[in-house]
Amino acid sequence: GGPSAGATHPPLLALAPAALGCTVGVQQRLTVQRPGQPAQQLEALLEVDGQAVRLAFFVMGQGMGTMAWDGLQWDTQLSRHWPAQLTPEQVLSDLQLAFWPTPVVQQAVAAMGAPWQLESSATGRRLLRDGKEYVRVQFVESSAVEIVYPQGPFTLRVESPGGPQLCATAQEPV
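Conventions adopted
- Residues numbered from 1 in each chain as written.
- Predicted model: local features only at pLDDT ≥ 70, side-chain atom pairs only at ≥ 80, totals over all residues.
- Heavy atoms only, no water.
- Helix = DSSP H or I, 4+ residues; strand = E, 2+ residues; numbered from the N terminus.
- Rg over C-alpha atoms; globule rule 2.2 N^0.38 Å.
- Contact = heavy atoms within 4.5 Å.
- Areas by Shrake-Rupley, 256 points an atom, 1.4 Å probe, with all protein chains shown as cover.
- Lys, Arg positive; Asp, Glu negative; His and termini not counted.
- Charge placed at Lys NZ, Arg CZ, Asp CG, Glu CD.
- Pairing = 2+ DSSP bridges.
- Axes fitted to C-alpha atoms, helices over the stretch in contact; angles between N-to-C directions.
- Buried < 20%, exposed > 50% of the residue type's maximum accessible area, 1.4 Å probe, protein only.
- Salt bridge = Lys/Arg side-chain N within 4 Å of Asp/Glu carboxyl O.

Caption draft 1: The arrangement of the overall build of the protein chain in detail. Looking only at helices and strands, the protein chain features two helices and 10 strands. Each helix (α) and strand (β) of the protein chain, taken in turn from the N terminus, gives the series β-β-β-β-β-α-α-β-β-β-β-β. For 174 residues, the compact-globule formula gives about 16 Å, and the C-alpha radius of gyration of the protein chain, at 16 Å, lands near that figure. The principal-axis extent of the C-alpha atoms belonging to the protein chain is close to 50 × 35 × 35 Å. Within the protein chain, counting contacts between residues at least 6 apart in sequence, those at least 24 apart form 42% of the total. When the accessible surface of the protein chain is summed, it comes to about 9200 Å², and 53% of that surface belongs to carbon and sulfur atoms. Looking at the protein chain, you have 10 positive and 14 negative side-chain charges, and the mean spots of the two groups are 7 Å apart.

Caption draft 2: Looking closely at the sheet that holds strand E4 (residues 62–69). With antiparallel pairing, the 10 strands of this open sheet are ordered in space as E5-E4-E3-E2-E1-E10-E9-E8-E7-E6. Each edge of the sheet is formed by a strand with only one pairing partner; in this case those strands are strand E5 (74–78) and strand E6 (116–121). With strand direction ignored, the average angle separating the axes of adjacent strands in the sheet is 20°. In the sheet, strand E7 (residues 124–129) pairs with strand E8 (residues 132–141) via six bridges, with the strands oriented antiparallel. By the bridge assignment for E8, Leu128 is matched with Glu133. Seen against the sheet, helix H2 (residues 102–111) touches E6 and E7 and runs at an angle of roughly 165° to E6.

Caption draft 3: A look at the environment of Gly25. Mapped onto the secondary structure, Gly25 falls in strand E1 (residues 24–33). Its relative accessible area of 56% is what places Gly25 among the exposed residues. In this structure, the C-alpha to C-alpha distance between Gly25 and Leu45, residues 20 residues apart in sequence, is 7.2 Å. When near neighbours in sequence (up to four residues on either side) are disregarded, Gly25 contacts Leu46 and Glu47.

Caption draft 4: Spotlight on the pattern of salt bridges. As enumerated under the stated definition, the model contains 10 salt bridges in all. Put simply, Arg54 and Glu47 hold a salt bridge, and the shortest N to O gap is 3.6 Å. Accessibility expressed as a relative area gives 32% for Arg54, which makes it partly exposed. With a relative accessible area of 37%, Glu47 lands in the partly exposed category.

Caption draft 5: Summary view of the environment of Leu78. Here Leu78 shows up in strand E5. Remark: the alpha-carbon pair of Leu78 and Gly63, spanning 15 residues in sequence, is separated by 8.8 Å. For Leu78, the contacting residues outside a window of four places in its chain are Met64, Gly65, Thr66, Met67 and Pro88.

Shown next, in the form of structure tokens:
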């Protein structure tokens, strides 16, 4: 039996932390919107340097967990209240699809093989499988991106300083 069309999981990007090309520490707001359910908001602290991508999550000031990715392996500690739909791998993949430099993402997608393609434009990026839209990243405003799964269970909105230009915020002297 072939794989059912509904059950395909998006390929997960797991790009090297250093591939971002800058060291950054930003506070982001994540809004998870599932059909027919109230939106869930999380605050996230995203730190990226040459060694690791680190994320810490909070809801109303309560720690929801931490994730760290060093390019090879995960170190995650998530609270039992963490939304099960959101795996650490998924969060990282979505963030990398949205924020890592286009050439790096393009290369990773090319390495995934024939059915996968990345389309990039000034307004966002689309990951295609067999020519069909699989994940869409929309640069909504100068400070937000939306990650949409047309067939998927949720939409993720990420409000982030500098919007899709994560490194733009990193150049400013502290």
